[in-house]
Structures are given as structure tokens and as C-alpha cells.
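Each chain is listed here by its residues.
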Amino acid sequence: MKNEILRMDQVTTFQDGLTMLDHFNLHIFKGEIMGLVCLNENGKESLIRLIRQNAPIHYGRVYFDETLVNNYQHSPMTPNRVAVIEQKSRLVEDLTVSDNIFVLRRGVKKFVISRRVLNEQLRLFTSRLGIAVSGGDLVANLSRYEKCIVELLRALMMGEKLVVVRDISNSVSAADLINLHCLLRLFCLNGLSVLYICSHHEEAFKICDRISLMRDGKILKVLDRGEFLPENMLPFYSKSFDNLPKKEPVSRTGEEFLSFRDVRTETMDGMSFSVAKGECTVLLDIDNTVLRDIMALMNGSLKPESGEIIFCGASYTQRMARRAAANGVAFIDENPAKSMIFKDMSYLENLCFLIGEKQNRLPVGKRMKRHIEKEYAALVGNDIYEPNVKGLSLPSLYDLVYYRTVLGNPKIVFCMQPFAGADMYLRRHLIDLIGLMKRKGITVVMPSVNLADSMVIADRLILLKKGRFSQEYDRDEFYLFRSEGIIL
Amino acid sequence: MKRKKFKYLSSRVTWLIAACAACFLLYLAAWTAVAVREERHMALVLAGFFLFAAAAAVFWRWIRRPYLENSRALRLFCTGYTMNGLFSQRTALSPEMEDAVRKIQEIMNTDKLISATKKQAQYLALQNQINPHFLYNALEGIRGETLSAGLESVAKMTEALSTFFRYTISGSENLVTLEDELANIRNYYIIQRYRFGEKLNLSVEYDADHESEIMSYCLPKLTLQPIVENAIYHGIERIIGEGRLRIKIEVTTRRLIITVSDNGIGMTEERLREINSRLGDMTLDYINPEKESHGGIAVVNVNNRIKLLFGEEYGICMYSTQNVGTDVEITLPLIQKDGRGTYEK
């Protein structure tokens, strides 16, 4: 007989007049890893908030550990025994691991805390689980994966009954993700329940016992493990992905456009790879160690200890890298809608920004602005006349970032994890935007820690492991990664 | 339509209390000014503020919050979200209002509704039969004849059909065991297999280690058959290729969860929204034969019967996607054979 840790029954919530959760049903059994694949972002935030705290709801009932904790008649605002692990860690960075696990929890009333005892307790606990985390380490010095482990240990110590893991594959590497999955399974055997939220069904298939598909705050289907087949998911994705052009395998031209030759930094150990002109290349870092350094080398904030970077047939020095835009190198951050939009500027000013930067920060002339406005009005519609970009939808903001990059006429664009945190519709939109850059002859490099939808658009995949080049795959070998993502 | 707020006692009381609070605050402010200027009576002023804060807290906890809860329950009742919410309010506006609500509850006598929904279920199951008893006798006759003629398959079908009729029309009990209900489904499946052949495949999944325990739990009679029938006629019949019908049974410490899934044609979002809205509405309009029906009566009927018997926290929810299939999830309380259950109605 199973025990239901969480049961949400016909839950309906509104926010600013919009329906966030629409007759939402979900039940999670004790010791189960329940997947929640969100086809779009609507309702995801509200759901997590509601699972953590019994906030008012318009209709429905929420049961936690078989007890009615929240219903439409009375919402006590009490917290539930739930821990949330997401991209941003909830640990206190300036405290040690054992402080975070043992001291910062409900019910600790000790005045004198022995660090030695805490560390020893943690050692006993972690050695039993086969985890290598030292209690004395500062949290700030840990990798994202290690922080995840600490958060899990903390949840266990605090007696949490449910752990919500949200979009974690965007922040931990593929290898670490496998370890994390093993750990979650181990914890589930000990009675912990997990709600694994992600945007990609392939990721959920690997770890979950059941999966619920959610769109617009509503459950569309619940799949059991026996139904974890890509064909069962296709109908939900087909509307967005069925009109994608089928890509043919490309043969390498031999022209090296960008190459790293035995580059060494603190994390790189003789990195060597090359990217051909006009291609879209995924740099998949299995351990999530070198991506930041690659970006830092390309934008000039880091100098290689040894080795050389060749770009367009010439050495790409730190001095050149500091004027990357002028040298035809552009960057698109992870979640660019948050970090690459100037909220105080109009749409057009945002769009023209990179041109101004390229012209030694001279303002863009009115005539040129008029031309750009005319040209891009056909592509983005009335958004171009928008004086305030704050009110734009997420796809429009992505349009703005990508069109601005294209307008800067770069030779190569580094798109850092373009699909991270994007829902299905946005991912489809991003595929089109990256396709547009490729059609313009721009070389695209996508440093990533997971494959997600990169394979749909990529021509080449370069695996990086332990700070070195590991392997390279052409498009016709992508079938080897079929279980990792959508491949056309 | 714009409402005149002062028409309502609630508005009048709110304004009156707000005016009193404002006056008291004004008085306190004036008093504070005097006390500060004359540098005395500070303790009294502080006591005044404390009294005001205490009165505000009491007002919030005793009056405002229960009032908001009541308003919400009434609003949800009016919009069709809940029926029990009206009858299970923690506080009443006045003794007369409490009596009035009780009277409404009596008028909506649930026993009559249960019997109406049960009759409706039987009617739906037999609506195409002119005279079930006559048919039942005739079927027995046919079975005898076919057995003597060596037509075993026809005899088997006839037996299934007559057993199905017997289960459907006989007995006045509301609750049956899961074993009996599944046996009826298997009979129904045998009958339908003669029509659909290999196209129709039924599987029943449950924890085999606890089979006897699971099969002994009770549920309202004719809960599954109308849903299975819907799955076949509105889902599987309309597809090309193999139709899979799956009944999955899960037992938790408090609930029995049965999911009937098919890989049929599914339904559009609008249609699903319409049915789910009727599942949530708790109206009994569908019983009225004069009311124009748009299908989905069987599921709504089963859902209402469950809610009336066990309370609003149980019932049916439906997931469906066009060209993918439909899942109907039935949530019931755990009820033993002796009638002991985990529900509080």
C-alpha cells in the first residue's frame, strides 16, 4: 500500500487575473521520483510556491503526507516539509557545509556548536552514502553539483519529505547529472520523494518513475515508466517541431575558422579543437569545467597560460579579444532576456546598440536608425516601435537579442547554453533564430553542459572532458545521441 | 450590472467599523499630541494604542477572516465549483442563516440524488434495451440452443451478455467489490470483442502481491462500465489499428485510484474543458431529459454519484489529447467490505 506524500486535487490559482494553475492534479507517492515536464513556463513558478507554502488558492485541495494542508476554504500559509533545488543555490555561501546542514535548520537551539562534532557527524553520514563532501569546506568554494549534494543532505537532515528538483541539467554537467540521478534514487529508496521538473522529456525518462506533462498550468497526460517512449511524446511536440526542415549531413570544408591549439588555463589541460566556417558547433563540456574559461578567453578577460587561439587565420590575442565585437566575435549569454536587454532603452535603441559599440561607441545616425527600423519592422512587426521593452513577451526579447547580434554582422557568435531554461515553444523559436544566423553565414558555437535541442540545429558536436578535447561527431553520427535530445 | 453596495448589510457594517476605527485613531492621535506636549499620561496613550491593536487583531481573526471564508464559499457555490463548501462553513453569519443553509441542504437531499444518479447509470447501460428481462430469458434460450448445436463461441458470448445484464439490473446495493466490478468489465469486454475482434485489447494492472486485499475494496456499482464504454465508443472505435484499453489500480493508505486509459481518438481542448467543467460543477442538469445533451453524461453521472456518496474530495478527472487518447482517473476512498471507510462525508 502506497503513501501519498503530495496530492494536489483540482487546484486552481490566479495571479493578476491570469490562470496559473488550471484544475491541476498531481500525486506523488512516498519514495517515488515523479517527473513534471513543462511544455511551457506558465504555472511552474506558482506550483513550486504552492508546494512549499500553503498559500491561498482559488479552488482545490492540497494534501501533504495524507493530511489536508490547504484548501479553497482555508489556507493557513504554513510551510510544508519541502526542499527546492534549482539553478540558484539556496545555501549560505559564506558558511561551511556542516554549518549549512546542521546549524541553519529549524529547531536548533544550541549555544555552543562544536565544529569537530558536526564535521564528524557529516563524515559518518556521507561515508555511508558514498559522498565525498567535507564538512569544513566553504560553500562558496563548491561546484554547483557539490552544492546540490549539500542541499540534498540538508533536506534529509531537516526531515523534508519531498525534494523539488527544478531544471537542474542547465547548471550541472552531464557526468554530474548522472551522479545526481544515482543519488536521488538512493535517497528515494530511503523514503524521500522527488518532484523532478524539467523541460525535456528525454531527461525525465532517465530518472523518473512517472511523468506528468504540463502545459498552461494544466496536466495533459500522466505517463508510467512503461510508456516512456519518444513516440508517446511526439503528439505533444509535433505542432512545434514538425515543420522543421530536415537537415542533411554536411561534409567538412577543411577550413579552420577558429581553433584552440594546446591551450592551457587553470581548468584547461591542453585544449585543442577547431571550428569550421559557417558551421554550427556544440561544445559539450561533460564535467562543466571549461566553458567559462572558453568564454573568458574569447572576450579577453582571461589570458591563456600557454597555447594559442587562431581566429580567421591569425593569432587571437587577449588584446584582440578585448575588442571582440570589432573583430567580429559576438556573445549571447545564457538567459539573454534577463542579462542582455537594456530596460531603459527603447526597442530600436536596444537593436542599434551593438552597431554603436562597433563604431567606437559613436551614436548611430538618425538616417541609419530609420533604415534599420524599416528593415526590421518587416521581421518583428510593431515591436520595433516599442518605447518600453519591459512589456515585451519572452520570444520578442529573444528576437531583439538575436537580431541585434545579426545586425552587428559578426563572423562568429558564441551562444552560451541557448536552450537553458527555455520552454518548448521558446526552444522552437530559438532554433529558428540560430538557423537565421547560419543562413547569414555566421559561424555559431554553442558551449553547453547538456545537449537539449542543440542537435536539431548543430552540424558538429565536440565533446570536452577533464579540460581536454575528447571526441568529435559529425551530423551523420548524431544518432548515437538519440536518447539525449531531438534529432532530425 | 453595477450593485448598490449600501444595499448590503456587509457593506454597511464595514463602513461603520471603518468609521469607528478612524474616529478612535483620531482620538488617540489627539490624545498622544496632548500627552507629548504635557509630558504625562504616556502610559495611558500606549495602553490606548495597544487596545486598538488588540481590537484590530480580534476583529481580523473573529470577524473579517471568517467572513471572507464564508463569502468565498458562497461565491464558489454560485459559480458551481462546490456544493459541500456551503454546508461545511466554520462559522455562520447568524442563527437564521445557519438554519436557512440547513434547509437548503435538506432540499438537496443527497439520498434522492444518489438514487437518481444510480437510476441514470442503469438507464444509460440499458437505454437500448426494450425489455431487459425478456431479453435475458431469450439469451438463456439462445445459449442453450447454441451449446446443443456445438457453437461454443456464440454460447460464450450469450453467457457474457446475460451475466452483464444480471449484474446491471439486479441488486439494490450502492457499493460492490472491485472484484465484482472488474468481472462485469471482463464480461463487457467479451461482448465487445465479438464486435471489435483483435482491435480491442484490455489490460488490468494492479499490485499482484496484494490481489485479494485490493479486490475486496468497494466502490459504487457501475462505476467502471460507463467509462470503459465511453473509451470504446468515443475513443477506440474511431481509430485505425490496435486499440488499447488499460485499467490501472493503485491503492494508497486512504484512497483507491483507478485510471482507465485508452489510445483512442481523444478529444479537443474545448471538449475536454467542457467535460471537466461539468465534472467540477456538481450540477444535476444532465438528469433532466428535456435538457439538450452533448454527450459525456456517463462520466458526469459517475462523478456526481461518487461526490454525493463520499464527498467532494473524491471523483473523476479527465486528461485527453486529440489523436493520443484519454485517461480517466477515478479517486475513491478505501472502503472495506464491511463498509468501514476512510472518508468523512
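Given the structure is predicted, the values throughout are model-derived calculations rather than measurements.

Reading the values: rules and limits
Residues numbered from 1 in each chain as written. Chains lettered and ligands numbered in written order. Predicted model: local features only at pLDDT ≥ 70, side-chain atom pairs only at ≥ 80, totals over all residues. Helix = DSSP H or I, 4+ residues; strand = E, 2+ residues; numbered from the N terminus. Buried ≥ 20, exposed ≤ 12 C-beta atoms within 10 Å, placed from the backbone. Contact = placed C-beta atoms within 7 Å. Rg over C-alpha atoms; globule rule 2.2 N^0.38 Å. Domains from an automatic or database assignment. Nonpolar A, V, L, I, M, F, W, Y, C, P; charged D, E, K, R; others polar. pLDDT = per-residue confidence, 0-100. Pairing = 2+ DSSP bridges. Axes fitted to C-alpha atoms, helices over the stretch in contact; angles between N-to-C directions. Core = buried A, V, L, I, M, F, W, Y, C linked by C-beta atoms within 7 Å. Expected span 1.5 Å × (residues − 1). Parallel < 35°, antiparallel > 145°, perpendicular 65-115°, else oblique. Left-handed = near helix turned anticlockwise from the far one by under 90°.

> Explain the overall build of chain B residue by residue, including any values.
Within chain B one finds 12 helices and seven strands. Looking at chain B as a whole, 30% of its 345 residues are labelled buried. Sequence-distant contacts, at least 24 apart, represent 66% of the contacts inside chain B between residues at least 6 apart.

> Kindly report on the overall build of chain A, identifying the contributing residues and their values.
Looking only at helices and strands, one finds 15 helices and 20 strands in chain A. A compact globule built from 488 residues would reach a C-alpha radius of gyration of about 23 Å, and chain A, at 24 Å, matches this within 12%. Principal-axis analysis of the C-alpha atoms gives chain A an extent of 65 × 50 × 45 Å. With 488 residues in all, chain A has 43% of them scored as buried. Residue pairs at least 24 apart in sequence account for 71% of intrachain contacts in chain A once pairs closer than 6 positions are excluded.

> Any details on the domain arrangement of chain A? Residues and values, ideally.
Looking at the assigned domains, one finds that chain A contains domain 1 (4–241), domain 2 (244–328 + 410–488) and domain 3 (342–408). The centre of domain 1 of chain A, based on its C-alpha atoms, is set 32 Å off from the matching centre of domain 2 of chain A.

> If you had to explain the interface of chain B and chain A to someone new, which residues and values would you point to?
When the parts come together, some accessible area is lost, and that loss is often what is quoted as the size of the interface. If you look at the interface, chain B gives 20 residues, while chain A gives 20 residues. Secondary-structure elements contributing two or more residues to the side of chain B that touches chain A are helix 2 (42–78), strand 4 (243–251), helix 11 (269–281) and strand 6 (315–321) of chain B. A per-element tally of the side of chain B that touches chain A places helix 2 of chain B first, with four residues. In terms of residue class, the side of chain B that touches chain A is built from seven nonpolar, seven polar and six charged.

> Which residues make up unusual backbone geometry, and what values go with them?
Residue and element names in this part refer to chain A. Look at Asp16: it is not a glycine, yet its phi comes out positive at around 50°. Checked against the element boundaries, Asp16 lands in the loop between strand 1 (4–15) and strand 2 (18–29). Owing to 5 C-beta atoms within 10 Å, Asp16 belongs among the exposed residues under this scheme. At His23, a position not held by glycine, the phi torsion is positive, near 45°. Assignment of secondary structure puts His23 in strand 2.

> Any details on the confidence of the model for chain B? Residues and values, ideally.
Residues and elements named next belong to chain B. Here chain B averages 82 in pLDDT, and 84% of its residues register 70 or above. No element of chain B has a lower mean pLDDT than helix 5 (residues 110–126), which averages 62, and none a higher one than strand 5 (residues 255–262), which averages 94. The low-confidence segment residues 289–294 (pLDDT under 50) makes three contacts with residues lying over four places distant or belonging to another chain.

> Give a description of the sheet that holds strand 12 (residues 269–276) of chain A that names residues and reports values.
All names here are of chain A. On the basis of which strands lie adjacent, the open sheet formed by four strands has the order 12-11-14-15 and antiparallel pairing. Each edge of the open sheet is held by one strand with a lone partner, namely strand 12 and strand 15 (314–315). Relative to strand 15, strand 14 (residues 306–311) runs antiparallel, the two being bridged by two bridges. Across the sheet, the residue bridging to Ile310 is Ser315, located in strand 15.

> Describe the sheet that holds strand 20 (residues 468–474) of chain A, naming the residues involved and giving the relevant values.
All names here are of chain A. The sheet built from six strands is open, its strands ordered 16-17-18-13-19-20 with mixed pairing. If you trace the sheet from one side to the other, it starts and ends with strand 16 (329–332) and strand 20, each paired once. Geometrically, the sheet is characterised by an average inter-axis angle of 20° between neighbouring strands, direction not taken into account. Here strand 19 (residues 460–465) runs beside strand 20; their pairing, made up of six bridges, is antiparallel. Note that in strand 20 the partner of Leu461 across the bridge is Tyr473.

> So what's going on with the nonpolar core? Residues and values would help.
Nonpolar side chains tend to gather and get buried jointly when the protein is soluble and globular. Judged by nonpolar contacts, the single largest core of 177 residues is most densely connected at Val163(A) and Tyr196(A). The contact partners of Tyr196(A), leaving out residues within four places of it in the chain, are Ile33(A), Met34(A), Gly35(A), Leu36(A), Val165(A), Ala204(A), Ile207(A) and Cys208(A).

> I'd like a description of helix 12 (residues 297–310) of chain B, backed by residues and values.
Helical periodicity: at 3.6 residues per turn, an α-helix aligns residues three or four positions apart in one direction. Residues and elements named next belong to chain B. In a regular helix each residue adds 1.5 Å, so 14 residues correspond to 20 Å; helix 12 covers 20 Å between its end C-alpha atoms and thus fits that length. For helix 12, the tally of buried residues reaches 13 of 14 residues, placing the bulk of the element in the interior. Where helix 12 ends, the next residue or the one after it, Gly311, has phi of about 115°, a positive value.

> Can you break down the packing of helix 4 (residues 144–157) of chain A against helix 5 (residues 174–189) of chain A residue by residue, with the values?
Residue and element names in this part refer to chain A. Interhelical geometry of helix 4 versus helix 5 gives an angle of 10° and a closest axis separation of 10 Å. Relative to helix 5, the element helix 4 is oriented roughly parallel. Across from Tyr145, Cys148, Ile149, Leu152 and Leu156 in helix 4, the residues of helix 5 making contact are Asp176, Leu180, Leu183 and Phe187.

> A description of the packing of helix 12 (residues 366–380) of chain A against helix 13 (residues 394–407) of chain A should follow, citing residues and the corresponding values.
Residues and elements named next belong to chain A. Where helix 12 meets helix 13, the closest approach of the two axes is 12 Å, and the angle between their N-to-C directions is 135°. When the interaxial angle is binned, helix 12 and helix 13 end up oblique. Remark: the crossing between helix 12 and helix 13 carries right-handed chirality. For the pair helix 12 and helix 13, the contacting residues are Ile372, Tyr376, Leu379 and Val380 in the first and Asp399, Tyr403 and Leu407 in the second.

> Before we move on, could you go through helix 3 (residues 115–129) of chain A and cite the residues and values that matter?
End to end, helix 3 of chain A covers 21 Å across 15 residues, agreeing with the expected 21 Å (1.5 Å per residue, within 8%). The first or second residue beyond helix 3 of chain A is Gly130(A), which carries a positive phi of 70°.

> Please give an account of the pairing of strand 5 of chain B that cites residues and values.
Residue and element names in this part refer to chain B. Judged by how many residues are buried, strand 5 sits mostly within the fold: six of eight residues are covered. Where strand 4 meets strand 5, seven bridges bridge the pair, whose relative direction is antiparallel. Residue Ile249 lies in a different strand from strand 5, and its bridge partner there is Ile258. Here strand 4 folds back onto strand 5 in antiparallel fashion, the turn holding three residues.

> How would you explain the pairing of strand 4 of chain B if you had to name every residue and give the values?
Pairing analysis gives six bridges linking strand 2 (residues 200–205) of chain B to strand 4 of chain B, with the strands arranged parallel. Bridge pairing in strand 4 of chain B places Ser203(B) opposite Arg246(B).

> A description of the environment of Val275(A) should follow, citing residues and the corresponding values.
Residues and elements named next belong to chain A. Along the chain, Val275 turns up in strand 12. Residues Val275 and Val445, 170 residues apart in the sequence, show an inter-C-alpha distance of 8.0 Å. Apart from residues lying up to four places away in sequence, Val275 is in contact with Phe257, Leu258, Thr281, Thr443 and Val445.

> How would you summarise the environment of Leu50(A) if you had to cite specific residues and measurements?
All names here are of chain A. Within the secondary structure, Leu50 sits in helix 1 (residues 44–52). Separated by 37 residues in sequence, Leu50 and Thr13 have C-alpha atoms that sit 9.5 Å apart. Not counting residues up to four positions away in its chain, the partners in contact with Leu50 are Thr13, Ala55, Ile57 and Val62.

> How would you sum up the environment of Ile57(A)? Please name residues and give values.
With respect to the element layout, Ile57(A) can be found in the loop between helix 1 and strand 4 (59–64). Between the alpha carbons of Ile57(A) and Gly43(A) there is a distance of 13 Å; along the sequence they are 14 residues apart.

> Could you give an account of the confidence of the model for chain A, with specific residues and numbers?
This prediction gives chain A a mean pLDDT of 85; 93% of its residues lie at or above 70. Put simply, helix 7 (residues 230–241) of chain A is where chain A has its lowest mean pLDDT, 72, and strand 7 (residues 162–166) of chain A is where it has its highest, 95.

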